[in-house]
Amino acid sequence: IGVILPLSGEMQLLGQKIRQGIEFGIADRGSREIQFHFEDAQFDNKLALSAYQKIKASSKNLRVIIGPFGPGQTFAIADQAKQDKVTIVAMSYFHPDFKQYQNVYCVYPAVDTQLKTVFDYFDRHWRGKIGTMAIFMRDNPSNEEILGGFRDFCASRSIRCSEVQLSTLEPETL
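Along each chain, residue indices are assigned from 1 in the same order as the chain's sequence is written. The predicted origin of the model limits local features to residues at a pLDDT of at least 70 and limits the giving and counting of side-chain atom pairs to 80 or more, whereas totals for whole chains, interfaces and linings rest on all residues. Calculation of side-chain values draws on the structure's entire complement of heavy atoms; hydrogens and water are dropped beforehand.

### Quick word on the overall build of the chain
- Think of it this way: any DSSP run of H or I at least four residues long counts as a helix, any run of E at least two long counts as a strand, and we number them from the N terminus. Counting secondary structure elements, the chain contains five helices and seven strands.
- From first element to last, N terminus to C terminus, the chain shows the α and β order β-α-β-α-β-α-β-β-α-β-α-β.
- The principal-axis extent of the C-alpha atoms belonging to the chain is close to 60 × 35 × 30 Å.
- With a 1.4 Å probe rolled over the protein chains alone, any residue whose accessible area is under 20% of its type maximum counts as buried; one over 50% counts as exposed, and the rest are partly exposed. With 174 residues in all, the chain has 35% of them scored as buried.
- Contacts were defined at the residue level, with two residues in contact if any of their heavy atoms lie within 4.5 Å. Here the contacts in the chain between residues at least 6 apart in sequence split such that 52% fall between residues at least 24 apart.
- The accessible surface values rely on the Shrake-Rupley method and a 1.4 Å probe; as for residues, cover is taken only from the protein chains in view. Carbon and sulfur atoms make up 52% of the accessible area of the chain, which totals about 10700 Å².
- We treat Lys and Arg as the positive residues and Asp and Glu as the negative residues; His and chain ends play no part in the count. Charge positions are represented by NZ for Lys, CZ for Arg, CG for Asp and CD for Glu. The average position of the 20 basic charges and that of the 20 acidic charges among the side chains of the chain differ by 5 Å.

### Looking at helix H4 (residues 111-126)
- To estimate how far a helix should extend, the number of its residues minus one is multiplied by 1.5 Å. With 16 residues, H4 should reach 22 Å at 1.5 Å per residue; the first-to-last C-alpha distance of 21 Å fits that figure.
- Taken residue by residue, H4 has Val-111, Leu-115 and Phe-119 as its buried positions. End-on, the buried residues of H4 take up no more than an arc of 45°, which puts them together on one face. Across from the buried face of H4, at angles greater than 90 degrees, the exposed residues are Lys-116, Thr-117 and Arg-124.
- Lining the buried residues of H4 we find strand S4 (87-93) and helix H5 (144-156).
- Positive backbone phi, approximately 85°, marks Gly-128, located one or two places after H4. The arc under discussion is defined with respect to the helix axis, by the directions toward the C-beta atoms.

### Section: the sheet that holds strand S3 (residues 64-69)
- Two strands form a pair only when DSSP identifies at least two bridges running between them. The five strands lie next to each other as S2-S1-S3-S4-S5, forming an open sheet whose pairing is parallel. Because the sheet does not close on itself, it has two edges, and the strands there are strand S2 (37-40) and strand S5 (104-108). Adjacent strand axes in the sheet meet at a mean angle of 20° when their direction is disregarded.
- Across two bridges, the pairing between strand S1 (residues 2-5) and S3 is parallel. Within S3, the position partnered with Gly-2 by the bridge is Ile-65.
- Strands in contact with helix H1 (residues 12-29) are S1, S2, S3 and S4; relative to S1, the strand with the most contacts, it is inclined by about 155°.
- Each of S1, S3, S4 and S5 is contacted by helix H3 (residues 71-83), which is oriented at about 165° to S4, the strand it contacts most. Throughout, an axis means a line fitted to C-alpha atoms (over the contacting stretch in the case of helices), and angles, computed between N-to-C directions, take values from 0 to 180 degrees.

### Examining the packing of aromatic side chains
- For this analysis, a ring pair means two rings from Phe, Tyr or Trp (six-membered ring only for Trp) whose centres lie within 6.5 Å, classed as stacked if their planes differ by under 30 degrees, edge-to-face if by over 60, and tilted for the remaining angles. On inspection of all chains with the given rule, the structure shows five aromatic pairs.
- Here Phe-43 and Phe-69 contribute two aromatic rings whose centre-to-centre distance is 5.9 Å and whose plane-to-plane angle is 65°, an arrangement assigned as edge-to-face. Highlighted residues: Phe-43 in the loop between S2 and helix H2 (45-58) and Phe-69 in strand S3, separated in sequence by 26 residues.
- By relative accessible area, Phe-43 is classed as partly exposed at 22%.
- Consider the rings of Tyr-121 and Phe-122, whose centres lie 6.2 Å apart with planes at 85°: the pair is edge-to-face.
- Among the residues examined, Tyr-121 registers a relative accessible area of 41% and is labelled partly exposed.
- Over the ring of Phe-38 we find Arg-19; its NZ or CZ atom is 4.1 Å from the centre of that ring. Charge-over-ring placement is defined geometrically: NZ (Lys) or CZ (Arg) within 6 Å of the ring centre, and within 35 degrees of the ring normal.

Next comes the structure, spelled out in structure tokens:
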């Protein structure tokens, strides 16, 4: 099983935690029948494809890739994995364009489904009690869908919304 994660760079904390979870699962099962090959993609589309190619070249019988992290990286490897008959279990939210791939599965639902869950919670517990909501996001074109849902939610409830675009999500920036 190949694993493509951001093991270095600005998203390394998430990648390292996912790796630790996989390694814990391996240790807990006590099985050595399945081998895992980890590669670092640093949350970069080109590096994700390179990582996929490294895993494929070193594997005799690659059938599954866990990762990559995010839709951009998933799209970067999807065509090659489809050709190679490799299933992708992406650490990504579901993007509607993934429907063209029978080999791509996502661990997170679509953005609108995630937002609905969060906003339903706010409605149940905080409706009428919030005057301003802020969203902190990494500067990324794919965030427009999330921002649109956030804006719509705030507007429909007369809540002032504040958006902060960050170049990085390092703790010192927050």
